[in-house]
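Results of the structural survey
Listed here are the chains, written in short residue letters.
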Amino acid sequence: MEFLPEDLQKYVEDHSEPESDLLQQINRETHLHVLKPRMLSGHLQGRVLSMLSHMIRPKNILEIGTYTGYAALCMAEGMQRDGRLITIDNNEELSLRTKEYFAQSDYADQIDLRIGNGLDIIPTLKEKWDLVFIDADKENYANYFDQVIDQVNKGGFIIADNVLWSGKVFDTSKKDKDTEAIRAFNQKMHTDPGVQNVLFPIRDGLMILRKL
């Protein structure tokens, strides 16, 4: 579901900072060669992630769900010069393409792609996070939050993607596991006294959380 009319979406993108050449390449090649290209963050959401990262100026970023690396590279734009981004994905075959994109970027030495199950890898990480981006299997959004929240610095941010789930979250007839999981996650975030939350209706929905 597209929440903005196509002509309005184009106007918004035309009046936002353009994609870099590398991001344009990733966008184009993902749509040509990779399954489920809608999973790509894309121009507008990517610029939002870049802007938020520039505002936060994170030293340590954790991304759960890499896909083809578009969002990781957008967030890396705002990292501190000695910053580090760890990104986790369970698709080993796709990681070969993603690693090539990272190698072409200005952040090749700062991005660490880990292949495996996020729920297994996250507890092994000892970093304190300034920014966490959750964009993986929807059934585990709440579990990912529970795993990372203690390692997020006070005042740090967690961003969760797809929290509008193509509008299914407010359609009471939709009761599949992913939709119910996103509904439960959104409600959990809205009532958690340890975070400040705002749901941005950008693309498929971004839940922005600030640790109090």
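Notes on the structure follow. Just so it is clear, the model here is predicted, and its values are computed rather than measured.

Following the sequence through the fold, Q25 ends up in helix 2 (residues 21-33). We classify Q25 as buried; its relative accessible area is 18%. The residues contacting Q25, other than those within four sequence positions of it, are Y101 and Q104.

Pairs of aromatic rings are described using the distance from one ring centre to the other and the angle between the two planes. As enumerated under the stated definition, the model contains one aromatic pair in all. Where Y141 meets F185, the ring centres are 5.4 Å apart and the plane angle is 85°; that geometry is what we call edge-to-face. Of the two residues, Y141 is situated in helix 7 (residues 141-148) and F185 in helix 8 (residues 177-191); the sequence distance between them amounts to 44 residues. Neither Y141 nor F185 differs from the other in exposure class; each is buried.

Moving on, we get to the sheet that holds strand 4 (residues 129-134). As summarised here, the arrangement of the seven strands in space is 3-2-1-4-5-7-6, forming an open sheet in which the pairing is mixed. Since the sheet does not close on itself, it has two edges, and those belong to strand 3 (111-115) and strand 6 (195-200), each with one partner. Strand-to-strand twist in this sheet, taken as the mean axis angle between neighbours without regard to direction, amounts to 15°. Strands in contact with helix 5 (residues 92-104) are strand 2 (84-89) and strand 3; relative to strand 3, the strand with the most contacts, it is inclined by about 175°. This element, helix 7, spans strand 1 (60-64), strand 4, strand 5 (152-161), strand 6 and strand 7 (206-211) of the sheet and lies at about 165° to strand 5.

Pairing of side chains with opposite charge becomes possible as their charged atoms draw close. Throughout the structure, instances matching the rule amount to 11 salt bridges. Across the pair K10 and D14 runs a salt bridge whose closest N-O atoms are separated by 2.7 Å. Of this pair, K10 and D14 both sit in helix 1 (residues 6-14), four residues apart, roughly one helical turn. The partner of E29 in a salt bridge is R97, with the nearest N and O atoms 3.8 Å apart. Here E29, found in helix 2, pairs with R97, found in helix 5; they are 68 residues apart in sequence, far enough to count as distant. Residue classification places R97 among the partly exposed positions, given a relative accessible area of 25%. Each of R84, D112, R114 and E127 takes part in one network of salt bridges that share partners.

With that settled, the discussion passes to the packing of helix 7 against helix 8. The angle between the axes and the distance between the axes are what describe a pair of packed helices. Where helix 7 contacts helix 8, the two axes come as close as 8 Å, and the packing angle between them is 35°. For the pair helix 7 and helix 8, contact is made by Y141, A142, F145 and D146 and by I182, F185, K188 and M189, respectively. Along the lines of polarity and charge, the residues of the contact of helix 7 with helix 8 split into six nonpolar, no polar and two charged.

Attention now moves to the nonpolar core. I26, L49, L73, M75, L85, F133 and I159 are the most contacted members of the largest nonpolar core, which has 32 residues in total. Among the elements of the structure, helix 2, helix 3 (42-56), helix 4 (70-76), helix 5, strand 3, strand 4 and strand 7 are those that each provide at least two residues to this core. With seven residues, helix 4 is the single largest residue contributor to this core. With residues near it in sequence (within four places) discarded, I159 still touches L49, L52, L131, V132, F133, I134, L206, M207 and I208. Judged by nonpolar contacts, the second largest core, of 29 residues, contains I122, V148, I149 and V169.

In this fold, N117 is placed in the loop between strand 3 and helix 6 (118-121). A polar side-chain atom of N117 sits 2.8 Å from the main-chain amide nitrogen of L119.

About the thresholds
- Residues numbered from 1 in each chain as written.
- Predicted model: local features only at pLDDT ≥ 70, side-chain atom pairs only at ≥ 80, totals over all residues.
- Heavy atoms only, no water.
- Helix = DSSP H or I, 4+ residues; strand = E, 2+ residues; numbered from the N terminus.
- Buried < 20%, exposed > 50% of the residue type's maximum accessible area, 1.4 Å probe, protein only.
- Contact = heavy atoms within 4.5 Å.
- Phe/Tyr/Trp six-rings, centres within 6.5 Å; stacked < 30°, edge-to-face > 60°.
- Pairing = 2+ DSSP bridges.
- Axes fitted to C-alpha atoms, helices over the stretch in contact; angles between N-to-C directions.
- Salt bridge = Lys/Arg side-chain N within 4 Å of Asp/Glu carboxyl O.
- Nonpolar A, V, L, I, M, F, W, Y, C, P; charged D, E, K, R; others polar.
- Core = buried A, V, L, I, M, F, W, Y, C linked by side-chain atoms within 4.5 Å.
- Polar contact = N/O pair within 3.5 Å; in protein donor to acceptor, adjacent residues only side chain to side chain.

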